[in-house]
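# A closer look at the structure
As a plain string of letters, each chain reads:
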Amino acid sequence: EPIIMPYSHLQLSSFGGESGKAEVTWDCFKFEIESLITGRVFSQEHILHGIRRAAKGEVADIIRRLGTRVPVDQVLKKLESVYGNIETRESVMKKMYNCTQKPNESVTGFASRLEEYFDKAVLLGGINKDTEILKGVLYQGLRKDIKQVATYKYETVTEYDKFKIELRKIEAEMKEHDTEKRPCKPAVCAEKPVKSEMG
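Residues numbered from 1 in each chain as written. Predicted model: local features only at pLDDT ≥ 70, side-chain atom pairs only at ≥ 80, totals over all residues. Heavy atoms only, no water.

Scanning the chain from terminus to terminus reveals nine helices and zero strands. Listing each helix as α and each strand as β along the chain from the N terminus yields α-α-α-α-α-α-α-α-α. Long-range pairs, those at least 24 residues apart, make up 58% of the contacts in the chain between residues at least 6 apart in sequence. For the chain, the accessible area works out to roughly 14000 Å², and carbon and sulfur atoms hold 53% of it. (Helix = DSSP H or I, 4+ residues; strand = E, 2+ residues; numbered from the N terminus. Contact = heavy atoms within 4.5 Å. Areas by Shrake-Rupley, 256 points an atom, 1.4 Å probe, with all protein chains shown as cover.)

The next point concerns helix α2 (residues 44-54). Among all positions of α2, only Ile-47, Leu-48, Gly-50, Ile-51 and Ala-54 are buried. Take α2 and look down its axis: the buried residues cluster within an arc of 160°, on one side only. Along α2, the residues that are exposed and aim more than 90 degrees away from the buried face are Glu-45 and Arg-53. Against the buried residues of α2 lie α1 (26-39), α3 (57-65) and α4 (72-83). (Buried < 20%, exposed > 50% of the residue type's maximum accessible area, 1.4 Å probe, protein only. Arc of directions from axis to C-beta.)

Taken together, the buried positions of helix α5 (residues 89-98) are occupied by Val-92, Met-93 and Met-96. Summarising the axial view, the buried residues of α5 lie within an arc of 100°, below the 170-degree limit, and thus occupy one face. Projecting away from the buried face of α5 at angles above 90 degrees are the exposed residues Glu-90, Lys-94 and Asn-98.

Any link to function would need more than the numbers given here.
Written out as structure tokens, the structure reads:
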């Protein structure tokens, strides 16, 4: 039996689709709703009301057209048909294996992008949830300067999350080293001597 919490405790991030302003992506919004359903803390009516309040722009219009007595799972199904993943398994796998760290991108940012592709690939049945594969693709896609320093850690640290921590440490050390190497600017600018016009 669900423990029904007061509606005032229900909070969903706003979602406005592709064109509207929103706090989160469709995947995050869907996850929030699914978490509320499995949590069994709020009634279906409360969750539905929460979705309607969080929906912005075109999303609000889509939900309105479904009517007032629509179940939550039907709302999710409808929104999934509009905003859900339409990529093929092959295209997601290709993106995952071709994913590389951008010049000014942090290890955390790169890993986050890669993990998104990895999760999609697992969901589409392209690969098993094997973090050994993820660790390999992360290492291969690293910027050259970080990759050179990270080789030993790649060979000795087996767990993906621990390897990612080691990469972040390497990145921090490299940034620190770069800062130390940069010459300090003089505090006072030396002015050019003004030529005397007297002669």
